[in-house]
Amino acid sequence: SHDEGRKKFVEFPYASAPVRSLMFDLVSTVENRLDSQLLPCALPPDVQYYENQSGTAQASLQIRSGLKSSPIDFILGSWIHSELPTGGALNITSLSAYLNSSTDAPNFLIELIQSSPTSLFLILDLPPRKDLVLHPDYLQTFYESTQLDKQRQMLEKVPEASPYFSSSLYIRCVVSPTAIMIRVETETGESTRMEEIITSYVDPVAKEVIGIWLNQCACGGREIGESDRADLEKRDGLMKKKTIEVDLGTSFPRLFGPEVAGRVLGEIQKVFTAK
Ligand SMILES: C=CC1=C(C)/C(=C/C2=NC(=C3\c4[nH]c(Cc5[nH]c(C=O)c(C)c5CC)c(C)c4C(=O)[C@@H]3C(=O)OC)/[C@@H](CCC(=O)O)[C@@H]2C)NC1=O
């Protein structure tokens with residue numbers, strides 16, 4: 001049933017304690033605030049949890065669609081664990097929230113990509129859904145008045161943090177001017193420092209950003225005119241299509257093999273293109 005899939009998901013079994021605690025809190029915050037607007041996860045059990053042939057890669061996926069009356073399109077949570085040939089492991093945990101075309105407010109995204117105990121990539125953003133040059137009021141409402149850049153500056157001052165530039169120029173287009181895209185590198189053999197950075201810096205900033213998204217975007221009540229709706233749906237569709245290609249297009253078949261990757265990507269596409 002759907003709560004077994006959810007239970008396995010929120011265990012985040014391969015995440016470090018601070019990452020598990022943060023992701024559990026973020027999922028709980030979103031579910032508690034939006035629960036009445038969300039349907040249970042309807043993914044097949046072999047997509048809610050899947051692994052590759054040899055069992056060296058495991059993953060969990062939860063997608064909860066919003067009721068028709070809700071501005072929520074869907075909430076997507078995922079964790080992926082893959083043993084690396086070098087003996088280390090790749091762990092990707094992500095939580096994203098997509099709004100539908102009843103509002104033009106930004107979406108929410110957090111991704112923690114850990115390829116070793118001393119190396120973490122953090123993506124934390126409210127990706128805009130309108131062009132910011134054409135709509136300065138949008139920039140003002142969602143990025144200036146919310147002081148999101150203060151959150152980015154909090155993490156920028158961590159000595160071990162440096163800006164992460166995605167190799168995908170498209171990914172760089174999609175993010176907001178206040179996007180947090182950093183790489184944290186701590187001393188080898190010093191895993192306590194990474195845990196301290198996650199607990200003392202990443203955790204509070206992520207909770208601040210998701211609070212802004214819930215208050216100003218998901219529950220902000222910003223309506224959209226009928227004439228803008230078609231353009232917004234087109235832009236949303238393109239962004240979903242392209243981010244799947246960039247994020248998953250090469251990594252999924254490599255990590256899970258073509259058969260499992262095809263099955264999981266097929267289910268994600270269904271939700272991403274659902275009307
Ligand atoms: C909207 C704004 C977005 C931004 C800003 C963004 C950023 C990035 N994600 C990357 C990746 C990534 N994400 C996920 C989760 C996931 N993504 C989707 C997308 O629909 C789904 C459905 C799921 C759950 C299954 C996985 C599994 C995965 C990778 O393997 C990949 C990665 O870690 O490679 C090292 C990086 C690719 C580019 C790069 O290497 O720089 C880059 C950091 N991804 C956005 O969508």
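The coordinates are above.
Notes on the structure follow. Note that the coordinates shown come from a computational prediction; the quantities given were computed from them, not determined experimentally.

## Observations regarding the overall build of the protein chain
Phase 1 of the analysis: Helix and strand counts for the protein chain stand at nine helices and eight strands.
Phase 2 of the analysis: Relative to the 2.2 N^0.38 estimate, which gives 19 Å for 275 residues, the radius of gyration of the protein chain is 18 Å and therefore close to what a compact globule would have.
Phase 3 of the analysis: Pairs at least 24 residues apart make up 63% of the contacts formed inside the protein chain by residues separated by at least 6 positions.
Phase 4 of the analysis: Element-wise, carbon and sulfur atoms account for 55% of the exposed surface of the protein chain, whose accessible area totals about 13,100 Å².

## Some thoughts on helix H2 (residues 17–34)
Phase 1 of the analysis: For H2, built from 18 residues, the straight-helix expectation of 26 Å at 1.5 Å per residue is met to within 8% by its first-to-last C-alpha distance of 26 Å.
Phase 2 of the analysis: Of the residues making up H2, those classed as buried are Pro18, Val19, Leu22, Met23, Leu26, Val27, Ser28, Val30, Glu31 and Leu34.

## Description of the packing of H2 against helix H7 (residues 191–218)
Phase 1 of the analysis: Remark: H2 packs on H7, axes separated minimally by 10 Å, with the N-to-C direction vectors making an angle of 15°. Classified by the angle between their axes, H2 and H7 sit roughly parallel to one another. In this structure, the crossing between H2 and H7 has a hand that is right-handed. Taking contact as the criterion, the partners of Pro18, Val19, Leu22, Asp25, Leu26, Thr29, Val30, Arg33 and Leu34 in H2 are, on H7, Glu195, Ile198, Thr199, Val202, Asp203, Ala206, Lys207, Ile210, Trp213, Leu214, Asn215 and Ala218.

## Here we look at the nonpolar core
Phase 1 of the analysis: One finds Leu95, Phe108, Ile110 and Trp213 to be the most contacted residues of the largest nonpolar core, which totals 50 residues.
Phase 2 of the analysis: The leading source of residues in this core is H7, at 13 residues.
Phase 3 of the analysis: If we ignore the near neighbours within four places in the chain, the residues touching Trp213 are Leu34, Ile72, Ile75, Ala97, Leu99, Pro106, Asn107, Phe108, Leu126 and Ala218.
Phase 4 of the analysis: With 27 residues, the next largest nonpolar core counts Leu76, Leu255, Val260 and Ala261 among its residues.

## Some details on the site of the ligand
Phase 1 of the analysis: Taken together, the neighbourhood of the ligand is formed by 22 residues, with Glu111, Tyr164, Ser166, Asp247 and Ser251 sitting nearest.
Phase 2 of the analysis: Note that a nitrogen atom of the ligand is positioned 2.7 Å from one of the side-chain N or O atoms of Glu111.
Phase 3 of the analysis: Here an oxygen atom of the ligand and a side-chain polar atom of Ser166 are 2.8 Å apart.
Phase 4 of the analysis: About the coverage of the ligand: the protein hides 88% of its 860 Å² of free accessible area.
Phase 5 of the analysis: At the level of elements, strand S3 (72–83), strand S4 (89–99), strand S5 (108–116), helix H6 (169–174), helix H8 (226–248) and helix H9 (251–272) are the ones that each hand at least two residues to the shell around the ligand.
Phase 6 of the analysis: When residues in the shell around the ligand are grouped by element, the largest group, five residues, is from H8.
Phase 7 of the analysis: By residue class, the composition of the shell around the ligand is 14 nonpolar, six polar and two charged.

## Structural notes on the environment of Asp46
Phase 1 of the analysis: Locating Asp46 in the fold gives a position in helix H3 (residues 45–48).
Phase 2 of the analysis: Classification of Asp46 by relative accessible area gives partly exposed; the value is 37%.
Phase 3 of the analysis: Distance from Asp46 to Val260, taken between C-alpha atoms, is 9.2 Å for residues 214 residues apart in sequence.

## Some thoughts on the environment of Glu226
Phase 1 of the analysis: Relative to the helices and strands, Glu226 resides in helix H8.
Phase 2 of the analysis: In this structure Glu226 comes out as exposed when scored by relative accessible area, which is 61%.
Phase 3 of the analysis: Residues Glu226 and Ser101 lie 125 residues apart in sequence; the distance between their C-alpha atoms is 9.5 Å.

## Description of the environment of Pro45
Phase 1 of the analysis: Checked against the element boundaries, Pro45 lands in helix H3.
Phase 2 of the analysis: Each C-alpha atom of the pair Pro45 and Lys8 lies 11 Å from the other, and the pair is 37 residues apart in sequence.

## A look at the packing of helix H5 (residues 148–156) against H7
Phase 1 of the analysis: Running from N to C, H5 and H7 point in directions that differ by 170°, and their axes come no closer than 10 Å. One element, H5, and the other, H7, form an angle in the roughly antiparallel class. Mapping the contact onto sequence places Leu148, Gln151, Met154 and Leu155 in H5 and Tyr201, Val202, Val205, Glu208, Val209 and Ile212 in H7.
Phase 2 of the analysis: Taken together, the residues of the contact of H5 with H7 sort by class into eight nonpolar, one polar and one charged.

## With respect to H8
Within an α-helix, residues lying three or four positions from one another point in the same direction, as the helix has 3.6 residues per turn.
Phase 1 of the analysis: The end-to-end C-alpha distance of H8, which contains 23 residues, comes to 33 Å, matching closely the 33 Å that a straight helix rising 1.5 Å per residue would cover.
Phase 2 of the analysis: For H8, every residue scored as buried is listed here: Leu232, Asp236, Met239, Lys240, Thr243, Ile244 and Leu248.
Phase 3 of the analysis: In this structure, the buried residues of H8 make contact with S3, S4, H6 and H9.

## Focus: the packing of aromatic side chains
Phase 1 of the analysis: Summed over the entire model, instances satisfying the criterion amount to 12 aromatic pairs.
Phase 2 of the analysis: Judged by centre distance (5.5 Å) and plane angle (55°), the ring pair of Tyr98 and Phe272 falls under tilted. With Tyr98 in strand S4 and Phe272 in helix H9, this pair connects stretches of sequence that are 174 residues apart. Here Tyr98 and Phe272 have matching classes, each one buried.
Phase 3 of the analysis: Each residue in the set Tyr14, Tyr49 and Trp79 is aromatic and connected to the rest through ring pairs, giving one cluster.
Phase 4 of the analysis: Here Lys8 stacks its cationic end above the ring of Tyr49, 4.6 Å away from the centre of that ring.

Thresholds, definitions, all that
- Residues numbered from 1 in each chain as written.
- Predicted model: local features only at pLDDT ≥ 70, side-chain atom pairs only at ≥ 80, totals over all residues.
- Heavy atoms only, no water.
- Helix = DSSP H or I, 4+ residues; strand = E, 2+ residues; numbered from the N terminus.
- Rg over C-alpha atoms; globule rule 2.2 N^0.38 Å.
- Contact = heavy atoms within 4.5 Å.
- Areas by Shrake-Rupley, 256 points an atom, 1.4 Å probe, with all protein chains shown as cover.
- Expected span 1.5 Å × (residues − 1).
- Buried < 20%, exposed > 50% of the residue type's maximum accessible area, 1.4 Å probe, protein only.
- Axes fitted to C-alpha atoms, helices over the stretch in contact; angles between N-to-C directions.
- Parallel < 35°, antiparallel > 145°, perpendicular 65-115°, else oblique.
- Left-handed = near helix turned anticlockwise from the far one by under 90°.
- Core = buried A, V, L, I, M, F, W, Y, C linked by side-chain atoms within 4.5 Å.
- Near = heavy atom within 4 Å.
- Polar contact = N/O pair within 3.5 Å; in protein donor to acceptor, adjacent residues only side chain to side chain.
- Nonpolar A, V, L, I, M, F, W, Y, C, P; charged D, E, K, R; others polar.
- Phe/Tyr/Trp six-rings, centres within 6.5 Å; stacked < 30°, edge-to-face > 60°.
- Lys NZ or Arg CZ within 6 Å of the ring centre and 35° of its normal.

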